[in-house]
Every structure is written in structure tokens, then in C-alpha cells.
Amino acid sequence: MDEHRGWTRLAPVVLAAWLGGCALFGPPPLTAGMSETEVRAVLGRLTARYALPQGGQRLEFARGPMGKETWMVDLDAAGRATTWHQALNERAFFDLQLRGPGVPRDEVLLTLGTPGERRHGGWAGGQLWSWRYPTNDCLWFQVTLNDDGRLRDAGYNIDPICDAGDKAGPK
């Protein structure tokens, strides 16, 4: 009987931790008009800041395990939240692909946020940037930037952490 009593006491703690973890992956409880201080209190550590073409700023908050969520919050010129969205999604990837080669590096960052991984582009030069994102497939989204900082190409690739033959992946 005593061994069941321990589980009875532990169950509410486990449930609370599990529910708290799930809250990290839903839309954040933001409201229009919040100040940057209030937004940061909700979303935590700011990972980047970008100037918006029409004025104001976009705040980046990379969250989740392995950076699979990046929330972008737009502030108007007065520093108040106007809109927010999860930047790492297939629609954003598709839109970036449609804009095609030549998109400047700063526009890629404004659209998707800081990449989870950056590597040298190999024999062709430039850089290869990669983002993990919420998906049931074992993919990540990648862009290649030329040496001049402009988009060469973009698309999906197999995430190396899912490659069974990759000995460098997590154990």
C-alpha cells in the first residue's frame, strides 16, 4: 500500500510539469499594445532585434527544444506590440522560396529569424543556414547565401539528427 501512496503524491507534480511544458508550445499570451518590457516578461530572452521597413521593430524570441519555435513580435514606432507570429512554418518557407534568388540576408533574418545552424557553403562558397521547425517529418529548412549575402537557393533537407547512419547525432 505504501508504494502506491508515493505515486499518488508524485502524480500531481508530474502532471503540473507536463502541462507547464505544453504551455511553452502554444501561442504566447500577448495582447496588442503591450510594451517591450511586458512582451519580454511573457516570452523571456530576446534573441534578436530587427528594424522594420515601415518603422518600428521586430523582436525575435527563439524558443523550444532545438529552436523549433521562433516568435516574432512587431512593435510600432511607440514601442507597442501590434502583431506576433511563429516564424518557422511552411508558409513562411514557401513565401521565401517564391521570392527566389537574390533576397538579401537581412530579409531572410527578418522573415525566419536566427538560424539554428550556420556552416560554410563548401566548394561553392557562401553560407548554409538551417532551421528546425515543428513538423512530423524529419526535415529542416535550409537556405544557401552567396558570398555577397544574397539568397542563392532554399528548400528542405533531411535533418541530420534523424539520420540513423549519422554517428554525430544525439545518443
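In short, a report on the structure.

Criteria and cut-off values
- Here the residue numbering is sequential within each chain, running from 1 through the sequence in written order.
- This being a predicted model, a pLDDT of at least 70 is required before a residue's local features are given, and a value of 80 or more before pairs of side-chain atoms are given or counted; all residues contribute to the totals for chains, interfaces and linings.
- Just so you know, side-chain values use all the structure's heavy atoms and leave hydrogens and water out.
- The criterion for a disulfide is a pair of cysteine sulfur atoms lying within 2.5 Å.
- Secondary structure elements follow DSSP: runs of H or I no shorter than four residues count as helices, runs of E no shorter than two count as strands, and numbering proceeds from the N terminus.
- A simple rule labels every residue: compare its accessible area, found with a 1.4 Å probe on the protein chains alone, to the largest value its type can have, and call it buried under 20%, exposed over 50%, or partly exposed in between.
- Nine residue types can take part in a nonpolar core, namely buried Ala, Val, Leu, Ile, Met, Phe, Trp, Tyr and Cys, and a core is a set of them joined through side-chain atoms within 4.5 Å.
- Residues are treated as being in contact if the distance between any of their heavy atoms lies within 4.5 Å.

## Let's talk about the state of the cysteines
The bond known as a disulfide is covalent and runs between the sulfur atoms of two cysteines. According to the stated counting rule, one finds 1 disulfide in the structure shown. The disulfide partner of C138 is C162, and the S-S distance across this bridge is 1.8 Å. Residues C138 and C162 are joined through a disulfide that is right-handed, its torsion about the S-S bond being 135°. One end of the pair, C138, is in the loop between β6 (127–131) and β7 (139–145); the other, C162, is in the segment after β8 (151–158), and 24 residues separate them in sequence. Since its relative accessible area comes to 42%, C162 is described here as partly exposed.

## Some points on the nonpolar core
L96, V108, L112, W129, W131, F141 and V143 are the most contacted members of the largest nonpolar core, which has 21 residues in total. Elements represented by at least two residues in this core include exactly β1 (48–51), α3 (90–99), α4 (105–112), β6 and β7. Here this core takes 4 residues from α4, the largest share from any one element. What L96 contacts, discounting residues up to four positions off in sequence, is V103, V108, L112, F141, V143 and L151. Grouped together as the second largest cluster of nonpolar side chains are 11 residues, L30, V39, L43 and V73 included.

## Focus on the side chain of S35
Examined against the element boundaries, S35 turns out to sit in the loop between α1 (2–23) and α2 (36–43). Exposure remark for S35: the relative accessible area of 17% places this residue in the buried category.

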